[in-house]
Amino acid sequence: MLTDVGEHLGRHARADLAGRVRIGKVPVKDNQRAMRKRGLTKHSSSRWAGAITRASEDQYKLSMRCLFDERTSLRRAIAKITRRLAVPCAERKGTVRGYPDQAERFQKQRRLRTLTARLADVEQRIEDGRPAVVVGGRRLAKIRHNLADAQLTEHEWRKRWEAERMFLTADGESGAPHGNYTISVTPDGEVSILLPEPLRHLANVPRGRYRLGCTVTFTHRREEWLDRVQENRAVRYDIRFEPQRGRWYLDASWSADTTILPTPEEIRALGERTLGVDLNADHLAACVLDPHGNPVGEPITVPLVMTGPASQRDGRLRAAIIQLLGIAKQNDCAALIVENLGFDDARATGRETMGRGKRGKSFRRTVAGIPTAKFRERLRSMAFHAGLVVIAVDPAYTSAWGGQHWQAPIQQQTPTTATRHHGATVAIGRRGLGHRIRRRPGVTARDQRIAARRATGQTVFVPRARGTTSPPRTASAPTQGGKTRLDQGDQLVLIPDLEDRSRGHRTTRPEPASSANTGQLA
């Protein structure tokens, strides 16, 4: 029954998505959703039609965002190659160097023409407002032509293809029985589905519904789900089939209640500890900081192996985040401070800036494999449900200054080997708390008897010069401008950055990222 319903709704969902793409890029009031919904209602139901049109609109918007991202990536790559082609072979003009030989230069000219053609096609699609969408996945569609390499038979591939193109998604509604009328799940685990109009004759319970002969059990966040279904609060359900295992799965999700999170200034004023986290290719480095930005305890290393299929990589990432949250709870931390990393530019121009040959290819693969955005979003969602705050800061110079100023002090207070990544965690945490990263020069040594000297960065009396001459500067009086100006214009997410590196390149301050608002039950 689930297969029949999923295939029936899937056909109409694909037709609706094709119609939405033909409409193109128009204002929301002109996307003809009401008319499309009326046409779908007679083939399904009003609620199924609403879910289909909503999914089509979301898919269209996602595809358009992907086109914009691809255009940005292509423009970056074209600009980088064009600048290098303007320099003769084996020469350098300023910071731009030409290609080593004519053979590589010729290959780059060919690649430039290819990228230019791709850019023209993408820009035309954006102008027409018609992205290319493959329902079921483009990767799976390409596997059809390489079944031997994928170790699949045509029958096995067809099963996967049909399973991916089913549509069994029902939006929740508050006030409906158990939070969802279309796909209803009782607290005891009984599942019933509202059948589409052409399949109503197959119903086994009143009102055109079909009750499954099995029950479902939720283990992850079951208590939260029970609270919602018993109060008839909205719960969304997604049913999917995995042919490899021959099993059906039911996912439940809902919007989390809105809450006001404390700001970094409030966390610092309350004297709470924080956990600085540095994301690397094969591990997570962490360090606990007190409200003054000083490292507390031993540096922490959490292994992170991002190899294997996507499902395994996601599971390992979640396991590492769970370990981080446990460390934060154990040390009474109120927030986790991470870098707002993004390697979009590096991935677009990596061939030109990240080395050549086998070594450069390996480095580019390593950079591309770092799950920057996924780690940040997963951490934000899981930390929200753990009662913790996630603060994202500008990643500039954290590794360099952390290794220079904080690696040795961390090593002095612990027998554990401290790396520059652990120093970077202190730099990240201090930036999140609003402190400067770099230590003052000549700070008084620990042993006063061996190094009895005054810190040169502390306040001292300086006689003011006469006339209109500016007073002489000391280490405690930073110059206005440059890298040490006290300015909030360089802050990225929530934190005012005291080391300003954007002189002459002012940007607007983005809104802080909101907390995660969905969860899944599996």
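Only a predicted model underlies this, so the values are computations on that prediction, with no experimental measurement involved. As a convention, each chain's residues are numbered from 1 in the sequence order in which they are written. Per-residue local features of the predicted model are confined to residues with pLDDT of at least 70, and side-chain atom pairs are confined, for both listing and counting, to 80 or more; whole-chain, interface and lining totals are unaffected and use all residues. Here the side-chain values reflect all heavy atoms present in the structure, with hydrogen atoms and water set aside.

Moving on: the packing of helix α2 (residues 33–41) against helix α3 (residues 46–85). Between the N-to-C directions of two axes lies an angle of 0 to 180 degrees, each axis being a line fitted to C-alpha atoms and, for a helix, fitted only over the stretch in contact. Secondary structure elements are taken from DSSP: a helix is a run of H or I of four residues or more, a strand is a run of E of two residues or more, and numbering for both begins at the N terminus. Relative orientation of the contacting elements α2 and α3 amounts to 135°, with a least axis distance of 8 Å. Between α2 and α3, the interaxial angle falls into the category oblique. The hand of the α2/α3 crossing is right-handed. Here R33, R36, K37, L40 and T41 of α2 lie close against α3, whose contacting residues are S46, A49, G50, I52, T53, R54 and S56. Each residue belonging to the contact of α2 with α3 can be placed in one class, and the counts come to three nonpolar, five polar and four charged. Throughout, the term roughly parallel applies to angles under 35 degrees, roughly antiparallel to angles over 145, roughly perpendicular to angles from 65 to 115, and oblique to all others. Handedness of each helix crossing follows the sense of rotation of the near helix against the far helix: counterclockwise by less than a right angle gives left-handed, clockwise gives right-handed. Contact definition: two residues touch when any of their heavy atoms are within 4.5 Å. Charged means Asp, Glu, Lys or Arg here, nonpolar means Ala, Val, Leu, Ile, Met, Phe, Trp, Tyr, Cys or Pro, and polar covers whatever is left, Gly included.

Mapping G423 onto the fold places it in helix α16 (residues 420–433). Judged by relative accessible area, G423 falls into the buried class, the value being 0%. With 124 residues separating them along the chain, G423 and P299 place their C-alpha atoms 9.0 Å apart. Excluding residues that lie within four positions of it along the chain, G423 makes contacts with G402, W406, Q407 and I410. Using a 1.4 Å probe on the protein chains alone, a residue whose accessible area is under 20% of its type maximum counts as buried, one over 50% counts as exposed, and one in between counts as partly exposed.

What follows concerns the pattern of salt bridges. The salt bridge criterion pairs a side-chain nitrogen of Lys or Arg with a carboxyl oxygen of Asp or Glu, the two atoms within 4 Å. Scanning the model with the defined rule gives 19 salt bridges in all. In this structure, R36 engages D16 in a salt bridge whose closest nitrogen and oxygen atoms are separated by 2.9 Å. In this pair, R36 sits in helix α2 while D16 sits in helix α1 (residues 2–23), placing the two residues 20 residues apart along the sequence. Given a relative accessible area of 6%, D16 falls into the buried group. Here R20 and E57 are joined by a salt bridge, their closest N and O atoms 2.7 Å apart. Note that R20 is positioned in helix α1 and E57 in helix α3, a separation of 37 residues in sequence. Taken together, the shared-partner salt bridges in this structure form one network comprising R240, E242, R245 and D251.

Consecutive residues of a regular strand have side chains that alternate between opposite faces of the sheet. By the bridge criterion, six bridges tie strand β10 (residues 283–289) to strand β11 (residues 295–303) in an arrangement that is antiparallel. In the strand pairing of β11, H283 is matched with P303. If DSSP finds at least two bridges between two strands, the strands pair. Connecting β10 to the next strand, β11, in antiparallel fashion are five residues, including G293 with a positive phi near 85°.

Moving on, we get to the nonpolar core. Ranked by size, the top nonpolar core spans 30 residues in total, and within it W48, W225 and Y237 carry the most contacts. Judged by nonpolar contacts, the second largest core, of 28 residues, contains L304, A328, I370 and L388. Buried residues of nine kinds, namely Ala, Val, Leu, Ile, Met, Phe, Trp, Tyr and Cys, make up a nonpolar core once their side-chain atoms join them within 4.5 Å.

Our focus in this paragraph is the packing of aromatic side chains. The relative placement of two aromatic rings is captured by the distance of their centres and the angle of their planes. Aromatic pairs are defined between Phe, Tyr and Trp rings, using the six-membered ring for Trp, whenever the two ring centres lie within 6.5 Å; interplanar angles under 30 degrees are classed as stacked, those over 60 as edge-to-face, and all others as tilted. In the structure shown here, the tally under the stated rule is four aromatic pairs. Between W157 and W161 the ring centres are 5.4 Å apart and the planes differ by 10°, which places this aromatic pair in the stacked class. In this pair, W157 and W161 are both assigned in helix α7 (residues 154–164), four residues apart and thus about one turn of the helix distant. Ring centres 5.0 Å apart and planes at 15° place the aromatic pair Y397 and W401 in the stacked group. By the criterion adopted, a ring carries a charge over it if an Arg CZ or a Lys NZ lies within 6 Å of its centre and within 35 degrees of its normal. The positively charged end of R84 is found above the aromatic ring belonging to Y99, 4.2 Å away from the centroid. Its guanidinium or amino end placed over the ring of W157, R144 lies 5.7 Å from that ring's centre, counting from NZ or CZ.

Bringing unusual backbone geometry into the picture now. Backbone geometry places N232, a non-glycine residue, at a positive phi of 60°. Within the secondary structure layout, N232 lies in the loop between α8 (222–230) and β7 (236–242). Given the relative accessible area of 30%, N232 is considered partly exposed. The backbone of Y397 sits at a positive phi, close to 65°, despite the residue not being glycine. Among the structural elements, Y397 can be located in the loop between β13 (389–393) and α14 (398–405).

Another point: the packing of α14 against α16. Where α14 meets α16, the closest approach of the two axes is 7 Å, and the angle between their N-to-C directions is 110°. Between α14 and α16, the interaxial angle falls into the category roughly perpendicular. Residues T398, S399, A400, W401, G402 and G403 of α14 form the contact with α16, whose own contacting residues are R420, G423, A424, A427, I428 and R431. In terms of residue class, the contact of α14 with α16 is built from five nonpolar, five polar and two charged.

Right, let's talk about the sheet that holds strand β4 (residues 183–185) for a bit. Spatial ordering of the open sheet is given by β4-β5-β6, a layout of three strands whose pairing is antiparallel. A single partner strand is all that each edge strand has here, and the edge strands are β4 and β6 (209–215). Each adjacent strand pair in this sheet contributes to an overall mean axis angle of 20°, direction not counted. Bridge count between strand β5 (residues 190–194) and β6: four bridges; the pairing is antiparallel. The residue bridging I193 from the neighbouring strand is Y210, located in β6.

That's the geometry; what it means functionally is another story.
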